[in-house]
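This is what each chain is made of:
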Amino acid sequence: MKEISSTKKLKIKFQVNEKDYAIEVNPGLSLLDVLRNQLGLTGTKRGCNAGDCGACTVIMDGKAVLSCLVPISRAAGKKIETVEGLAEGEKLHPLQEAFIECGAVQCGFCTPGMLISAKALLDKNPSPNREEVREALAGNLCRCTGYKKIVDAVMLASQRMTRGGQ
Amino acid sequence: MMDVVGKRVKRLDMGQKVTGQAAFADDLKFDGMLYAKVLRSPLPHAKIKRINTRKAENLAGVRVILTAKDVPGENKIGVLGDPFRDQPILADDKVRFIGDSVALVAADTEEIAEKAIKLIKVSYKELPTVFDVEESRKPNSPKLHGESNQFYHRKIYKGDVNEGFAKSDFILEGIYKTPMHEHAYIEPESGIAKIDGDEMTVITCTQSPSRAREEIARILGFPFSKVRVIRATVGGGFGGKIYNLLGCQAALLAFKTRKPVKLTYSRAESMLITTKRQPATCKCKWGFSNEGKILAVEVEVVLNAGAYADHSPAVATRAATQGTGPYEVPNVKIDSYAFYTNQPLGGAMRGFGVPTVCLAHESIMDRAAEKLGVDPLELRLKNAYNVGSKMATGQVLTHDVALKKTLEKARGIVGEWRKNKREFGPIKVGVGVSTVHYGIGSTAPVPNPSSAIVEVLYDGSVIVRSNCADIGQGSDTLIAQIVAEELGIGLDKVKVHTEDSAAGTWTRNTCASGQTYVSGEAARRAAASAKSILLAQAAKSLGVDEGDLVCEKGTIYSKKDQQKKISFQNAVIDCKKAETIILGCGQFKAPTKGLDQNGQGSPYGAYSYVTQIAEVEVNTETGEVKVTKFTSIPEVGTAINPTQVEGQLEGGVSMGLGQALMEEIVLKNGVMQTPTLAQYLIPTILDMPDDLKTDILAGYEPTGPFGAKGVGEVANTPVPSAILSAIHDAVGVRIDEIPVTSEKIYALLQKRDSPVKNF
Amino acid sequence: MKKYIIPENLSEALEALEKYSDGAKLISGGTDLLIQIRDGKTKPKYLIDLANLRELNYITTKDNSIKIGALATHNDVATSGLIVEKAPLLVEACSSIGAPQVRNMGTPVGNIMNASPAADSTIALLALDAEAKIVNKGNERIQKIESIFAGPGKTNLKPNEMVTELQFKELGANQGGGFIKLGKRRSLAISIINAAVVIKVDKEKKIFTDARIAIGAVAPTPLRVKGAEAMLVGHSINDETIENAASKAKKEVAPIDDIRGSASYRSEMAYMLVRQAIKKALEGIK
């Protein structure tokens, strides 16, 4: 059993986008805080810090979660995926390509969370229908797009991915 | 047929946004950066007796604590300038709303700054408060500034309404209300200020870099030239990020500490202290003939402006100019007022007063149609603007008025939807229509002009310099398309820099649906100006008149003899050989004529139109409303990028749907009751219909770049009216106030003549 | 906050609870507690994180009794084949909570320990007449969840106790359940009011033989409207019986006005939702 004084640092190991990290953290921080401020992975956004907007969504051991509500200690030993891990070098993920093609991005602040929630869906359900896509994105707020082009993009990406390419 | 304009080109900034690389202000970090927090007033109206910062200053890691006395320049901001520049960045003698800024702290960490805030002791003497605007109007009401709480009155008087009413066969009256709205951009405000030598740089999510620079400079007592504003990627604005309090406060801290300082608002701060949509009431009286012609309209608009003036005079003005809706009315009397109260301040928000008057004019038209026994769409067609129509301001519409075309197109859709209604159990279905016109670009007292610089580099690629703030609507891409089209080159050659006030030149605020029209036209003129240098050179090389030459698809050729041609590239090389720099600048302001004391003039250079159709399901057992279909038929001149026009409409529908059904800031004696996004509700994906269509009608505005106008606010302003109209179609209840929650619908259904069961 | 405690198994967790009881809070999903801490509404000195208690992550059945461990998430429950088959109203309830991310983090046990009068999973579990296994160092007991709630946000659990499991009987052949939620929007919405019904019928006599009706957000705690239940039991299955029960439910609730709705609307909707939920439960039987 670990007992960590709030004034001391916690040693923690986890993986983000297939890269291993062994760091010391202030135990009172959230996963979001550590990703953004300590690891410099600012792609995941802080929209409300209260679990109300979905902009901080990451995938942790295969599940979409709100990183602003994940105590950092919980990340120990986990595999975390953020928006920075979607592209392979210059090659964009089909979801990213589709978002661009369908005009599914305006201000871009909700986009990382949307992409990650969409990926979590396609990882489990590679050929969703539009209603399933809408259900999967129901925890990600967008103020700019009205959501429709985002659904178009996820459908397009899933069609391409199941066809095995463009 | 154009090559780049009108095409669904991929937006230039999306690549950075989908990879998470696009840098929003809070993503940025600098060496030695300090973190700022603001001490805010817990009282809605109080004199400041004493501020004791000693204990806070002694906390380890605190670098500086500032109050009003520490402002070196003018401690005043206000977007419209004097006489409406009435907000201190740090309260001096008194605080005027809960959340008013009293002190600033800069410390080594956010945590230390938070602790320091708690250690500052302020003693206040409470003053009597006023929150309700009708109370604020009374002569013995507590006063926030000066002698009166009424700080603005716009009149628009045309003809003789008494005569008009006397001639009317029937009169309809109503009082329509819209609440305080929050922009609810997903990015809370953030900014970093740093001083380099004698230049203050502020990097922030701003919709108004040119103006922000001036405001920051005045606070510091710097010349404008020594303040640089860099627009970070903006995570949504909708009018809320024109407000520059954050930038000014961060700059002041950077000035005093000589270190970079970051200030990021929490969501609760953003909800409470940044500008909102003013709660507004529209009281109106409309006189009609039995043939359905509108003979007279009398309107009073009252804005609860909150503690400071900000944009309220301009909101009151626009509401007045559009108070009769897009309909011909010979006799008009509109009075539009703004009053101070001890509430959060109103500023600019998408729609700018029109959501309130539109709620009124569209509801009145529906009621008139019902009284006359005619189709509401037909009644609108009967009264809608044409070329030659005279507006309430006396402005005559001189060219292409597509309003009726949008209504006619809607007819078919409405008919089809009504025919295919499927009702079941307690669910009733209704179809409703609304229409609006929207003046493009700002009008006095908001400054309106824009400028740009276009430089053609010696390899034929092009840089455009402007300060047109792209806040997610895609103006950078539109500017690139416009410049590429003007020069006849590929889009891939154009680089647009709008983010840095050191590179760009004066540009209007991103507001009033006006960037494509004004800043886009400024960019086109700059490109045309650069082009003329190329054409002059080409004319020499080809031995023809400059006036004969056109620039298309990478080639410059003579209209009179197509064999006389030179490639764009070679013309550029010739310029280089001649030691000529291919540089152009341009500026544009919309052709307007200021309103006189009776509100007569030409406030806007162009108008966009939209007709929107909503289908709703109303659950008569619970009052729940579900919007199942929504189609918009906009006419916005040339659609420079149809995908972006659709994006604006679809996003506008979501904002309008939210405001119709769920959005409301609730205050109790100035205390915020809805500080989170779990309490101020905006639509989730499941609240939006998937059947969401935009049918763009072709149009052409001769004063706009390649015929373009604007779309941002025709997108959202009539949405609530279409939904309310559909609700009436479904269950026969009329609503005069938004948001209309399930509880409100349920209550109205109980009051109806026919009981729920028999419906 | 003084200490963060991360036990590796249940007995360590119970040790920690014993040691720090008064100043300690347990965190499982975190979706409620972390926000309360950030808002300053609760100021625990010790935070005991249950996330590593994998032994408590289960959904099983034995002797027709379903057991849900403390770490089973709303999503685990909503996608469990067992729950889909044997207690579908709980699937509906857990599916309507928050949004996908929230359902991946929050737990039915957590919602019970949080004692919100409106929690969707709690209302369904109340209609299922669920029991909680309440454990502290050296002792365990079973208590009906109905009697656990002491007020809004309060349980009567002792500071050194935690709920490790919920259990309830599978719905049988003559039983049906229904759950209805009324929210201000269609996702990420706390209920204005919600209702869950579990009924048992005698198909031959065409009467209700048992009924449990639970309503949320209409009282300081999640509420079983027993007067309404009595209007069903022993009566014929017809519209009039359902009307009577729904009307009685409306009289039994004691809602307040708040930001989501008024007391009078909630009372009206108590009637509507109970009526709808009973009908839904009946559909589940045929």
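Above this text is the structure in question.
Note that the coordinates shown come from a computational prediction; the quantities given were computed from them, not determined experimentally.

**Comments concerning the overall build of chain C**
Of the regular secondary structure elements, chain C holds eleven helices and 14 strands. Once the C-alpha set of chain C is aligned to its principal axes, its extents read approximately 60 × 45 × 30 Å. Expressed as a percentage of its 286 residues, the buried residues of chain C come to 58%. Within chain C, residue pairs in contact and separated by at least 24 positions form 62% of the contacts whose partners lie at least 6 positions apart. Just so you have it, chain C exposes about 11300 Å², and 48% of that area is on carbon and sulfur atoms. Averaging the coordinates of the 40 positive side-chain charges in chain C and doing the same for the 33 negative ones gives two points 4 Å apart.

**What to know about the overall build of chain A**
Secondary structure summary: chain A contains five helices and six strands in total. Helices (α) and strands (β) of chain A occur, in sequence order from the N terminus, as β-β-β-α-β-β-β-α-α-α-α. Over its C-alpha atoms chain A spans a radius of gyration of 16 Å, differing by no more than 12% from the 15 Å that the globule rule assigns to 166 residues. Of the contacts formed within chain A by residues at least 6 apart in sequence, a portion of 52% connects residues at least 24 apart. Summed over its atoms, the accessible surface of chain A is roughly 6200 Å², and 46% of this surface lies on carbon and sulfur atoms. Each charge sign in chain A was given a centre, from 23 positive and 18 negative side chains, and these centres are 4 Å apart.

**Brief notes about the packing of aromatic side chains**
Considering all chains together, one arrives at 13 aromatic pairs over all chains under this definition. Centroid distance Phe109(A) to Phe24(B): 5.0 Å. Interplanar angle 85°. Geometry classified as edge-to-face. A residue pair is termed interchain when its members come from two chains, as with Phe109(A) in the loop between helix H2 (94-101) and helix H3 (111-124) and Phe24(B) in the loop between helix H1 (14-18) and strand S1 (34-40). Of the two residues, Phe109(A) and Phe24(B), both sit in the buried class. Here Tyr604(B) and Tyr607(B) contribute two aromatic rings whose centre-to-centre distance is 5.9 Å and whose plane-to-plane angle is 85°, an arrangement assigned as edge-to-face. Each member of the pair, Tyr604(B) as well as Tyr607(B), is classed as buried. Among the aromatic residues, those joined into a cluster by ring pairs are Phe170(B), Trp286(B) and Phe288(B). Seen from the ring of Tyr185(B), Lys241(B) lies directly overhead, with NZ or CZ sitting 4.0 Å from the centre. The positively charged end of Lys371(B) is found above the aromatic ring belonging to Phe170(B), 5.5 Å away from the centroid.

**With respect to the interface of chain B and chain A**
Facing the 53 residues of chain B at the interface are 44 residues of chain A. For the pair chain B and chain A, the summed buried area comes to about 3900 Å², and 59% of that belongs to carbon and sulfur atoms. Looking at the side of chain B facing chain A, the largest losses of area belong to Val18(B), Ile186(B) and Ile685(B), adding up to 20% of the total buried there. Inspection of the chain B/chain A interface yields seven salt bridges. Taken together, the elements giving at least two residues each to the side of chain B that touches chain A come down to H1 and helix H16 (642-661) of chain B. The element contributing the most residues to the side of chain B that touches chain A is H16(B), with nine residues.

**Examining the packing of H2(A) against H3(A)**
All names here are of chain A. Contact pair H2 / H3: the axes reach a minimum separation of 10 Å and the direction vectors enclose 125°. Here H2 lies oblique to H3, going by the angle between them. The two elements H2 and H3 meet at a crossing, and its hand is right-handed. Here H2 contributes Leu95, Gln96 and Phe99 to the contact with H3, which in turn contributes Thr111, Met114, Leu115, Ala118, Lys119 and Leu122. Taken together, the residues of the contact of H2 with H3 sort by class into six nonpolar, two polar and one charged.

**Some words on the sheet that holds strand S18 (residues 462-465) of chain B**
All names here are of chain B. A sheet is described by the order of its strands in space; here four strands give the open sequence S19-S18-S17-S23, paired in mixed fashion. Of all strands in the sheet, those with a lone pairing partner are strand S19 (494-497) and strand S23 (582-588), marking the two edges. Taken pair by pair, the neighbouring strands of this sheet meet at an average axis angle of 15°, ignoring direction. The sheet contact formed by strand S17 (residues 450-456) and S23 spans seven bridges and is antiparallel.

**Comments concerning a positive patch on the surface**
All names here are of chain B. Taken together, the side chains of Lys47, Lys49, Arg50 and Lys125 define a basic patch exposed on the protein surface. Counting residues per element, the positive patch draws most heavily on strand S2 (residues 46-52), at three residues. Relative to the helices and strands, Lys49 resides in strand S2.

**Considering the pairing of strand S3 (residues 19-25) of chain A**
In this structure, strand S2 (residues 10-16) of chain A lies alongside S3(A), joined through seven bridges in antiparallel fashion. Counterpart to Lys11(A) in the pairing with S3(A) is Glu24(A).

**Re a nonpolar patch on the surface**
Residue and element names in this part refer to chain B. On the surface, Tyr458, Ile581 and Leu583 cluster together into a nonpolar patch covering about 290 Å² of accessible area. The topology assignment puts Tyr458 in the loop between S17 and S18. Taking the relative accessible area as the measure of exposure, Tyr458 reaches 36% and is therefore partly exposed.

**Re H2(A)**
Buried residues of H2(A): Leu95(A), Gln96(A), Ala98(A), Phe99(A) and Ile100(A), and no others. Close packing links the buried residues of H2(A) with H3 and helix H5 (148-163) of chain A together with H1 of chain B. Gly103(A) sits one or two residues past H2(A) and shows a positive phi near 70°.

Analysis parameters
- Residues numbered from 1 in each chain as written.
- Chains lettered and ligands numbered in written order.
- Predicted model: local features only at pLDDT ≥ 70, side-chain atom pairs only at ≥ 80, totals over all residues.
- Heavy atoms only, no water.
- Helix = DSSP H or I, 4+ residues; strand = E, 2+ residues; numbered from the N terminus.
- Buried < 20%, exposed > 50% of the residue type's maximum accessible area, 1.4 Å probe, protein only.
- Contact = heavy atoms within 4.5 Å.
- Areas by Shrake-Rupley, 256 points an atom, 1.4 Å probe, with all protein chains shown as cover.
- Lys, Arg positive; Asp, Glu negative; His and termini not counted.
- Charge placed at Lys NZ, Arg CZ, Asp CG, Glu CD.
- Rg over C-alpha atoms; globule rule 2.2 N^0.38 Å.
- Phe/Tyr/Trp six-rings, centres within 6.5 Å; stacked < 30°, edge-to-face > 60°.
- Lys NZ or Arg CZ within 6 Å of the ring centre and 35° of its normal.
- Buried area = accessible area lost by both parts, 1.4 Å probe.
- Salt bridge = Lys/Arg side-chain N within 4 Å of Asp/Glu carboxyl O.
- Axes fitted to C-alpha atoms, helices over the stretch in contact; angles between N-to-C directions.
- Parallel < 35°, antiparallel > 145°, perpendicular 65-115°, else oblique.
- Left-handed = near helix turned anticlockwise from the far one by under 90°.
- Nonpolar A, V, L, I, M, F, W, Y, C, P; charged D, E, K, R; others polar.
- Pairing = 2+ DSSP bridges.
- Patch = residues over 30% accessible without salt bridge, like charges linked within 9 Å, V, L, I, M, F, W, Y side chains within 5 Å.

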